[in-house]
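Observations on the model geometry
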Amino acid sequence: YSLLLDDLRDSGLFFSETTMIPMSAKTLKIPIVAASGHPSPSRVAENAKKPVANITFGQVSLSLEKYACLIPWSDELMEDGIVDIEAFVRSFAVDWFGIVFDNILFRGDATLNGLEDFTTTFITTSGTNFNTVTVDNLISAIGALRAVDLVGAKWYMTPQTWAHLHTKKGTTNDNYYLNPFETMGQKTLLGFPVVFTDSANAPLFTAGDTGIKYITFGNLKKVYVGVKNGMTIDIATSNVASYVDQSDSNTVHYAFQENQTVIRLEKRIDLDI
């Protein structure tokens, strides 16, 4: 199923923009150099001792979590349908997993932290509501990062956020802060590329959106995604399998009684920065 995995990588930012780390076990510990405590060479006089400068290491720990679902359908649907149901389900799985993992990348879930949870690495700006965001906030986000962090950095936001930024005008001369006729078509902002994603938060324009993060600026290659193998795809025909439905109270037996086929989709991942 290598083609399916390739499509999955192309369909979402989770697999295309981040750094993929193949894992052979459930847990992987990656040593990293800490942000401070680097060795600093010093001038040494002739015949003098050289100073000792140790490296300070940190650690990123990846531990795989399983994401999976069962998708059943009737044998008659496969026989009588005008499309290849199995191929359709496989295509649906590509989109579904791409959306789920992109949502995790930006907003996290109950198990994995997303970019919103790493405010010390990815700069965020929030006010009473999204209408309070100014161009100065965007400039400050660039200035808050190190030069090395700006290499390959991009803006990530919804199309709604991108459009609203270009409606902001001055109060005295009614001029646009950002020239929509230049930057919108090029999808660049203050010299850095803009990437659209529906997994980022869309503006609410109300007091209820206080503290919500709408725009991510940084290099997603600094997000490490642990994966094991590809996506597992298993198909059980009507005479070999059964499953417990969503109510956890009813066991569905395919066999000859209900004439159903099921596809099982699984992928194990983790992420850290």
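Residues numbered from 1 in each chain as written. Predicted model: local features only at pLDDT ≥ 70, side-chain atom pairs only at ≥ 80, totals over all residues. Heavy atoms only, no water.

Considerations on the environment of R107
Under the convention used in this document: Secondary structure counts use DSSP, requiring at least four H or I residues in a row for a helix and at least two E residues in a row for a strand, with both numbered from the N terminus. Contacts: residue pairs with any heavy atoms within 4.5 Å of one another. Any N or O atom pair separated by 3.5 Å or less is treated as a polar contact, with the protein-specific requirement of one donor-capable and one acceptor-capable atom, and with residues adjacent in sequence counted only for side-chain atom pairs.
Tracing the chain through its elements places R107 in helix α4 (residues 85-107). Spatially, the C-alpha atom of R107 lies 7.7 Å from that of D117, the residues being 10 residues apart in sequence. Setting aside chain neighbours within four positions, we find R107 in contact with G114, E116, D117, D198, S199, A200 and N201. At 2.4 Å, the side chain of R107 and the backbone oxygen of S199 are in polar contact.

Brief notes about helix α5 (residues 135-143)
Test applied: Any residue under 20% of the maximum accessible area for its type is buried, any over 50% is exposed, and the rest in between are partly exposed; the area is computed with a 1.4 Å probe on protein chains only. What the arc describes is the spread of directions from the helix axis to the C-beta atoms.
When we look at burial in α5, the residues that qualify are V135, L138, A141 and I142. Within α5, the buried residues cover an arc of 115° as seen down the axis, which keeps them to one side. Facing away from the buried side of α5 by over 90 degrees, the exposed positions are D136 and G143. If you follow the buried residues of α5, they end up packed against α6 (147-150), β5 (154-157), α7 (159-165), β6 (188-189), β7 (192-196) and β8 (216-218).

Some details on the pattern of salt bridges
Spelled out, the test is: Each reported salt bridge corresponds to a side-chain nitrogen of Lys or Arg within 4 Å of a carboxyl oxygen of Asp or Glu.
Under the counting rule described, the total for this entry stands at five salt bridges. The salt bridge partner of E17 is K154, with a shortest N-O separation of 3.3 Å. Placement of the pair is E17 in the loop between α2 (13-16) and β1 (19-22) and K154 in strand β5, with a sequence separation of 137 residues. E17 sits in the buried class, given a relative accessible area of 15%. Under the relative-accessibility criterion, K154 is labelled partly exposed at 24%. The partner of R146 in a salt bridge is D149, with the nearest N and O atoms 3.0 Å apart. In this structure R146 comes out as partly exposed when scored by relative accessible area, which is 45%. Classification of D149 by relative accessible area gives buried; the value is 16%. When salt bridges that share partners are traced, they join K66, R264 and E266 into one network.

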